[in-house]
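# Survey of secondary and tertiary structure
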Amino acid sequence: MVGADNVNVGRHVVQFYGRDEELVDRATDYLLGALDGGGVAVVIATPEHRREFETRLGQAGVDLAAARDDGSYLALDAAQTLSELMAANQLDSAAFDRVIGTVIAAAGAAGRPVRAFGEMVALLWDDGLVSAAVQLEAMWEELGDRHPFSLFCGYRADAVTSDMDAFAEVCRLHGEIVGGRSVTARTFAFSREAPASARHFAVATLNAWGAGDLASDVALVVTELAANAIVHARSAFTVILASRDGVLRISVRDAGPLDGAGLRPAPLHGLAVVNAMASRWGVESLGTAGKTVWVDLLR
(Lines give C-alpha, C1' and ligand atoms only; values in the text may rest on other atoms or scores of the structure.)
Protein backbone atom coordinates (compact mmCIF):
# COMPACT_ATOMS: atom_id res chain seq x y z
CA MET A 1 0.00 0.00 0.00
CA VAL A 2 1.30 3.45 -0.79
CA GLY A 3 1.25 6.54 1.41
CA ALA A 4 0.18 9.88 0.00
CA ASP A 5 3.60 11.38 0.70
CA ASN A 6 5.17 8.64 -1.43
CA VAL A 7 3.07 9.24 -4.54
CA ASN A 8 5.68 10.41 -7.02
CA VAL A 9 5.40 11.76 -10.52
CA GLY A 10 4.51 8.98 -12.91
CA ARG A 11 2.50 6.98 -10.35
CA HIS A 12 -1.09 5.94 -11.09
CA VAL A 13 -2.70 5.34 -7.71
CA VAL A 14 -6.21 4.29 -6.74
CA GLN A 15 -7.92 4.52 -3.37
CA PHE A 16 -10.94 2.40 -2.50
CA TYR A 17 -12.67 4.09 0.41
CA GLY A 18 -15.59 3.21 2.62
CA ARG A 19 -16.17 6.63 4.18
CA ASP A 20 -15.61 10.05 2.65
CA GLU A 21 -13.29 10.92 5.53
CA GLU A 22 -10.88 8.21 4.39
CA LEU A 23 -10.67 9.75 0.93
CA VAL A 24 -10.46 13.32 2.18
CA ASP A 25 -7.63 12.51 4.61
CA ARG A 26 -5.52 10.74 1.99
CA ALA A 27 -6.25 13.03 -0.94
CA THR A 28 -5.65 16.21 1.06
CA ASP A 29 -2.21 14.99 2.14
CA TYR A 30 -1.48 14.07 -1.47
CA LEU A 31 -2.48 17.52 -2.77
CA LEU A 32 -0.66 19.27 0.05
CA GLY A 33 2.50 17.45 -0.98
CA ALA A 34 2.29 19.13 -4.38
CA LEU A 35 1.60 22.61 -3.02
CA ASP A 36 4.23 22.45 -0.29
CA GLY A 37 6.77 21.13 -2.77
CA GLY A 38 6.41 23.94 -5.31
CA GLY A 39 4.26 21.85 -7.61
CA VAL A 40 0.79 22.05 -9.08
CA ALA A 41 -2.33 20.39 -7.68
CA VAL A 42 -5.09 19.62 -10.19
CA VAL A 43 -8.41 18.54 -8.67
CA ILE A 44 -11.24 17.08 -10.78
CA ALA A 45 -13.83 16.18 -8.17
CA THR A 46 -17.41 16.48 -7.02
CA PRO A 47 -18.45 19.76 -5.34
CA GLU A 48 -18.68 18.01 -1.96
CA HIS A 49 -15.17 16.63 -2.16
CA ARG A 50 -13.71 19.86 -3.52
CA ARG A 51 -15.16 21.75 -0.54
CA GLU A 52 -13.72 19.21 1.89
CA PHE A 53 -10.28 19.27 0.23
CA GLU A 54 -10.17 23.06 0.20
CA THR A 55 -11.29 23.32 3.82
CA ARG A 56 -8.54 20.94 4.89
CA LEU A 57 -5.92 22.67 2.71
CA GLY A 58 -6.87 26.03 4.22
CA GLN A 59 -6.57 24.58 7.72
CA ALA A 60 -3.09 23.36 6.74
CA GLY A 61 -2.08 26.94 5.92
CA VAL A 62 -2.52 26.98 2.14
CA ASP A 63 -3.56 30.35 0.69
CA LEU A 64 -5.92 28.97 -1.95
CA ALA A 65 -6.67 32.37 -3.50
CA ALA A 66 -2.97 32.93 -4.11
CA ALA A 67 -2.53 29.34 -5.30
CA ARG A 68 -5.31 29.81 -7.85
CA ASP A 69 -3.80 33.09 -9.02
CA ASP A 70 -0.34 31.65 -9.60
CA GLY A 71 -1.68 28.47 -11.21
CA SER A 72 -0.51 26.06 -8.52
CA TYR A 73 -4.07 25.02 -7.65
CA LEU A 74 -6.70 24.24 -10.26
CA ALA A 75 -10.10 22.78 -9.40
CA LEU A 76 -12.60 21.43 -11.94
CA ASP A 77 -16.03 19.90 -11.48
CA ALA A 78 -15.91 16.17 -12.25
CA ALA A 79 -19.39 15.93 -13.80
CA GLN A 80 -19.03 19.05 -15.91
CA THR A 81 -15.57 18.07 -17.12
CA LEU A 82 -16.77 14.56 -17.93
CA SER A 83 -19.58 15.99 -20.05
CA GLU A 84 -16.96 17.84 -22.10
CA LEU A 85 -15.26 14.53 -22.89
CA MET A 86 -18.38 12.91 -24.30
CA ALA A 87 -19.62 12.89 -27.88
CA ALA A 88 -22.82 11.06 -28.78
CA ASN A 89 -22.78 9.39 -25.34
CA GLN A 90 -19.28 8.03 -25.99
CA LEU A 91 -15.93 9.09 -24.60
CA ASP A 92 -14.01 11.08 -27.21
CA SER A 93 -10.23 10.67 -27.07
CA ALA A 94 -9.72 13.90 -29.01
CA ALA A 95 -11.85 15.76 -26.48
CA PHE A 96 -9.85 14.19 -23.64
CA ASP A 97 -6.61 15.41 -25.19
CA ARG A 98 -8.08 18.85 -25.78
CA VAL A 99 -9.52 19.28 -22.29
CA ILE A 100 -7.44 17.17 -19.90
CA GLY A 101 -4.27 17.06 -21.98
CA THR A 102 -4.21 20.84 -22.20
CA VAL A 103 -4.69 21.23 -18.45
CA ILE A 104 -1.90 18.79 -17.56
CA ALA A 105 0.50 20.19 -20.16
CA ALA A 106 -0.06 23.75 -18.97
CA ALA A 107 0.33 22.75 -15.31
CA GLY A 108 3.74 21.23 -15.97
CA ALA A 109 4.93 23.75 -18.54
CA ALA A 110 7.31 25.49 -16.12
CA GLY A 111 8.81 22.20 -15.02
CA ARG A 112 6.85 22.03 -11.78
CA PRO A 113 5.77 18.56 -10.59
CA VAL A 114 2.07 17.91 -11.16
CA ARG A 115 -0.25 15.90 -8.94
CA ALA A 116 -3.77 15.32 -10.23
CA PHE A 117 -6.72 13.95 -8.32
CA GLY A 118 -9.65 12.66 -10.38
CA GLU A 119 -12.98 10.95 -9.82
CA MET A 120 -14.57 11.15 -13.26
CA VAL A 121 -13.93 7.41 -13.55
CA ALA A 122 -15.83 6.86 -10.31
CA LEU A 123 -18.83 8.80 -11.66
CA LEU A 124 -18.87 6.58 -14.74
CA TRP A 125 -18.61 3.47 -12.57
CA ASP A 126 -21.42 4.61 -10.28
CA ASP A 127 -23.62 5.09 -13.36
CA GLY A 128 -22.94 1.51 -14.42
CA LEU A 129 -20.67 2.57 -17.29
CA VAL A 130 -17.83 0.26 -16.30
CA SER A 131 -16.38 -0.07 -19.80
CA ALA A 132 -16.28 3.69 -20.18
CA ALA A 133 -14.53 4.00 -16.81
CA VAL A 134 -11.89 1.51 -17.95
CA GLN A 135 -11.52 3.41 -21.24
CA LEU A 136 -11.02 6.68 -19.37
CA GLU A 137 -8.39 5.08 -17.14
CA ALA A 138 -6.56 3.98 -20.29
CA MET A 139 -6.69 7.55 -21.65
CA TRP A 140 -5.08 8.81 -18.46
CA GLU A 141 -2.37 6.14 -18.84
CA GLU A 142 -1.64 7.23 -22.40
CA LEU A 143 -1.46 10.86 -21.30
CA GLY A 144 1.09 9.83 -18.71
CA ASP A 145 3.32 8.57 -21.52
CA ARG A 146 3.41 12.09 -22.94
CA HIS A 147 3.52 14.26 -19.80
CA PRO A 148 5.09 13.64 -16.37
CA PHE A 149 2.46 13.75 -13.62
CA SER A 150 1.02 11.57 -10.88
CA LEU A 151 -2.64 10.63 -10.77
CA PHE A 152 -4.73 9.72 -7.75
CA CYS A 153 -8.16 8.15 -8.45
CA GLY A 154 -10.86 7.58 -5.88
CA TYR A 155 -13.61 4.92 -5.96
CA ARG A 156 -16.15 4.02 -3.32
CA ALA A 157 -15.29 0.49 -2.18
CA ASP A 158 -18.89 -0.65 -2.07
CA ALA A 159 -19.35 0.36 -5.70
CA VAL A 160 -16.36 -1.41 -7.21
CA THR A 161 -16.47 -4.50 -5.01
CA SER A 162 -20.09 -5.17 -5.94
CA ASP A 163 -18.59 -6.81 -9.05
CA MET A 164 -15.48 -8.74 -8.02
CA ASP A 165 -14.34 -9.37 -11.60
CA ALA A 166 -14.62 -5.71 -12.53
CA PHE A 167 -12.88 -4.79 -9.29
CA ALA A 168 -9.92 -6.94 -10.30
CA GLU A 169 -9.76 -5.03 -13.60
CA VAL A 170 -9.63 -1.70 -11.77
CA CYS A 171 -6.76 -3.00 -9.65
CA ARG A 172 -4.94 -4.13 -12.79
CA LEU A 173 -5.13 -0.63 -14.26
CA HIS A 174 -3.33 1.02 -11.36
CA GLY A 175 0.26 0.80 -10.28
CA GLU A 176 -0.48 1.37 -6.59
CA ILE A 177 -3.53 0.60 -4.46
CA VAL A 178 -4.72 2.24 -1.25
CA GLY A 179 -7.36 0.34 0.68
CA GLY A 180 -9.99 0.95 3.30
CA ARG A 181 -11.97 -1.19 5.74
CA SER A 182 -13.30 -3.58 3.07
CA VAL A 183 -10.43 -3.59 0.59
CA THR A 184 -6.69 -3.31 1.02
CA ALA A 185 -3.49 -4.20 -0.81
CA ARG A 186 0.24 -4.35 -0.32
CA THR A 187 3.18 -4.94 -2.65
CA PHE A 188 6.04 -7.22 -1.58
CA ALA A 189 9.55 -7.17 -3.01
CA PHE A 190 11.07 -10.29 -4.55
CA SER A 191 12.67 -12.13 -1.64
CA ARG A 192 12.59 -15.47 0.16
CA GLU A 193 10.87 -13.80 3.12
CA ALA A 194 8.07 -12.27 1.03
CA PRO A 195 5.51 -15.13 1.32
CA ALA A 196 5.77 -15.09 5.11
CA SER A 197 5.42 -11.31 5.15
CA ALA A 198 2.39 -11.55 2.87
CA ARG A 199 0.84 -14.16 5.17
CA HIS A 200 1.31 -11.93 8.24
CA PHE A 201 -0.21 -8.97 6.38
CA ALA A 202 -3.25 -10.99 5.32
CA VAL A 203 -3.89 -12.45 8.78
CA ALA A 204 -3.51 -9.04 10.45
CA THR A 205 -5.97 -7.57 7.95
CA LEU A 206 -8.55 -10.30 8.57
CA ASN A 207 -8.26 -9.83 12.33
CA ALA A 208 -8.70 -6.06 11.93
CA TRP A 209 -11.82 -6.70 9.85
CA GLY A 210 -13.26 -8.99 12.52
CA ALA A 211 -12.95 -12.02 10.26
CA GLY A 212 -10.32 -13.91 12.22
CA ASP A 213 -12.24 -17.16 11.73
CA LEU A 214 -10.96 -17.16 8.13
CA ALA A 215 -7.38 -16.42 9.13
CA SER A 216 -6.01 -19.97 8.78
CA ASP A 217 -7.59 -20.48 5.35
CA VAL A 218 -6.45 -17.08 4.16
CA ALA A 219 -2.93 -17.68 5.47
CA LEU A 220 -2.69 -20.90 3.47
CA VAL A 221 -4.06 -19.36 0.26
CA VAL A 222 -1.88 -16.26 0.42
CA THR A 223 1.23 -18.32 1.20
CA GLU A 224 0.62 -20.61 -1.79
CA LEU A 225 -0.06 -17.75 -4.22
CA ALA A 226 2.88 -15.71 -2.95
CA ALA A 227 5.20 -18.72 -3.18
CA ASN A 228 4.14 -19.22 -6.80
CA ALA A 229 5.02 -15.60 -7.53
CA ILE A 230 8.46 -15.99 -5.98
CA VAL A 231 9.31 -19.48 -7.29
CA HIS A 232 7.76 -19.38 -10.77
CA ALA A 233 7.26 -15.73 -11.74
CA ARG A 234 10.44 -14.73 -9.88
CA SER A 235 9.03 -11.27 -9.31
CA ALA A 236 7.66 -8.91 -6.72
CA PHE A 237 3.93 -9.32 -6.19
CA THR A 238 0.88 -7.48 -4.88
CA VAL A 239 -1.68 -9.01 -2.53
CA ILE A 240 -5.21 -7.57 -2.75
CA LEU A 241 -7.90 -8.46 -0.20
CA ALA A 242 -11.51 -7.43 -0.83
CA SER A 243 -14.59 -8.32 1.23
CA ARG A 244 -18.10 -7.99 -0.13
CA ASP A 245 -21.47 -9.65 0.59
CA GLY A 246 -20.07 -12.68 2.35
CA VAL A 247 -17.23 -13.26 -0.12
CA LEU A 248 -13.55 -12.61 0.50
CA ARG A 249 -11.49 -12.30 -2.68
CA ILE A 250 -7.74 -12.83 -2.45
CA SER A 251 -5.81 -11.69 -5.51
CA VAL A 252 -2.08 -11.93 -6.09
CA ARG A 253 -0.62 -10.05 -9.04
CA ASP A 254 2.90 -10.86 -10.27
CA ALA A 255 5.07 -10.13 -13.31
CA GLY A 256 5.10 -13.65 -14.72
CA PRO A 257 3.20 -13.86 -18.05
CA LEU A 258 0.50 -16.51 -18.35
CA ASP A 259 1.92 -18.25 -21.40
CA GLY A 260 -0.88 -19.17 -23.74
CA ALA A 261 -3.36 -19.79 -20.93
CA GLY A 262 -5.65 -16.87 -21.66
CA LEU A 263 -8.03 -16.23 -18.78
CA ARG A 264 -8.59 -19.87 -17.83
CA PRO A 265 -7.48 -21.31 -14.48
CA ALA A 266 -3.99 -22.72 -14.89
CA PRO A 267 -2.45 -25.73 -13.10
CA LEU A 268 0.03 -23.68 -11.09
CA HIS A 269 2.19 -25.48 -8.56
CA GLY A 270 0.66 -25.85 -5.10
CA LEU A 271 -2.86 -24.78 -6.00
CA ALA A 272 -4.56 -28.17 -5.63
CA VAL A 273 -5.31 -27.45 -1.98
CA VAL A 274 -6.43 -23.92 -2.86
CA ASN A 275 -8.81 -25.35 -5.44
CA ALA A 276 -10.36 -27.56 -2.76
CA MET A 277 -10.88 -24.63 -0.39
CA ALA A 278 -12.12 -21.98 -2.80
CA SER A 279 -15.72 -21.36 -3.80
CA ARG A 280 -14.17 -20.40 -7.13
CA TRP A 281 -10.82 -19.22 -8.41
CA GLY A 282 -9.12 -18.23 -11.64
CA VAL A 283 -6.18 -16.68 -13.41
CA GLU A 284 -6.27 -13.47 -15.47
CA SER A 285 -3.59 -12.54 -17.95
CA LEU A 286 -2.13 -9.04 -17.80
CA GLY A 287 -0.35 -9.57 -21.11
CA THR A 288 3.35 -8.78 -20.92
CA ALA A 289 2.76 -7.18 -17.48
CA GLY A 290 2.14 -10.57 -15.87
CA LYS A 291 -0.94 -12.17 -14.35
CA THR A 292 -3.35 -12.12 -11.42
CA VAL A 293 -4.42 -15.26 -9.60
CA TRP A 294 -7.60 -14.79 -7.56
CA VAL A 295 -9.42 -16.96 -5.05
CA ASP A 296 -12.88 -16.45 -3.55
CA LEU A 297 -13.59 -17.74 -0.03
CA LEU A 298 -17.03 -17.68 1.54
CA ARG A 299 -17.19 -15.82 4.86
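Described below are features of the structure shown in this document.

Here the focus is the overall build of the protein chain. Looking only at helices and strands, the protein chain features 12 helices and 13 strands. Counting across all 299 residues of the protein chain, residues that qualify as buried make up 52%. Intrachain contacts of the protein chain at a sequence separation of at least 6 include 71% that bridge at least 24 residues. When the accessible surface of the protein chain is summed, it comes to about 13000 Å², and 49% of that surface belongs to carbon and sulfur atoms.

To continue, consider the sheet that holds strand E10 (residues 237–244). With antiparallel pairing, five strands are arranged side by side in an open sheet as E9-E10-E11-E13-E12. For this open sheet the edge positions go to strand E9 (183–188) and strand E12 (280–285), each flanked by a neighbour on one side alone. Adjacent strand axes in the sheet meet at a mean angle of 15° when their direction is disregarded. Sheet analysis places E10 next to strand E11 (residues 247–254), joined by eight bridges and oriented antiparallel.

The next subject is the pattern of salt bridges. This structure, assessed with the given rule, holds 10 salt bridges. Taking the shortest distance from any N to any O, the salt bridge between Arg146 and Asp97 comes out at 2.9 Å. One end of the pair, Arg146, is in helix H7 (residues 130–146); the other, Asp97, is in helix H5 (residues 93–107), with 49 residues separating them in the sequence. Between Lys291 and Asp254 there is a salt bridge, and its shortest N-O distance comes to 3.0 Å. You can see Lys291 sitting in strand E13 (residues 291–298) and its partner Asp254 sitting in strand E11, a full 37 residues away along the chain.

With respect to the helices and strands, Ser235 occurs in the loop between helix H11 (215–233) and E10. On the basis of relative accessible area, Ser235 is assigned to the buried category, the value being 8%. With sequence-adjacent residues up to four places away left out, Ser235 is seen in contact with Phe190, Ala229, Ile230, Asp254, Ala255 and Gly256.

For Ala27, the location among the structural elements is in helix H1 (residues 20–36). The contact partners of Ala27, leaving out residues within four places of it in the chain, are Phe53 and Phe117.

What follows deals with the side chain of Ser243. Here Ser243 lies in strand E10. Separated by 2.7 Å, the side chains of Ser243 and Arg299 make a polar contact.

Here the focus is the packing of H1 against helix H2 (residues 47–59). Packed helices, taken two at a time, are described by the angle their axes make and the gap between the axes. Where H1 meets H2, the axes come as close as 9 Å, and the angle between the chain directions of the two elements is 55°. One element, H1, and the other, H2, form an angle in the oblique class. Handedness of the H1/H2 crossing: right-handed. Residues Asp20, Leu23, Val24, Asp25, Ala27, Thr28, Leu31, Leu32 and Leu35 of H1 lie in contact with H2, whose contacting residues are His49, Glu52, Phe53, Arg56 and Leu57. A class-by-class count of the residues in the contact of H1 with H2 yields eight nonpolar, two polar and four charged.

How each quantity is defined
Residues numbered from 1 in each chain as written. Predicted model: local features only at pLDDT ≥ 70, side-chain atom pairs only at ≥ 80, totals over all residues. Heavy atoms only, no water. Helix = DSSP H or I, 4+ residues; strand = E, 2+ residues; numbered from the N terminus. Buried < 20%, exposed > 50% of the residue type's maximum accessible area, 1.4 Å probe, protein only. Contact = heavy atoms within 4.5 Å. Areas by Shrake-Rupley, 256 points an atom, 1.4 Å probe, with all protein chains shown as cover. Pairing = 2+ DSSP bridges. Axes fitted to C-alpha atoms, helices over the stretch in contact; angles between N-to-C directions. Salt bridge = Lys/Arg side-chain N within 4 Å of Asp/Glu carboxyl O. Polar contact = N/O pair within 3.5 Å; in protein donor to acceptor, adjacent residues only side chain to side chain. Parallel < 35°, antiparallel > 145°, perpendicular 65-115°, else oblique. Left-handed = near helix turned anticlockwise from the far one by under 90°. Nonpolar A, V, L, I, M, F, W, Y, C, P; charged D, E, K, R; others polar.

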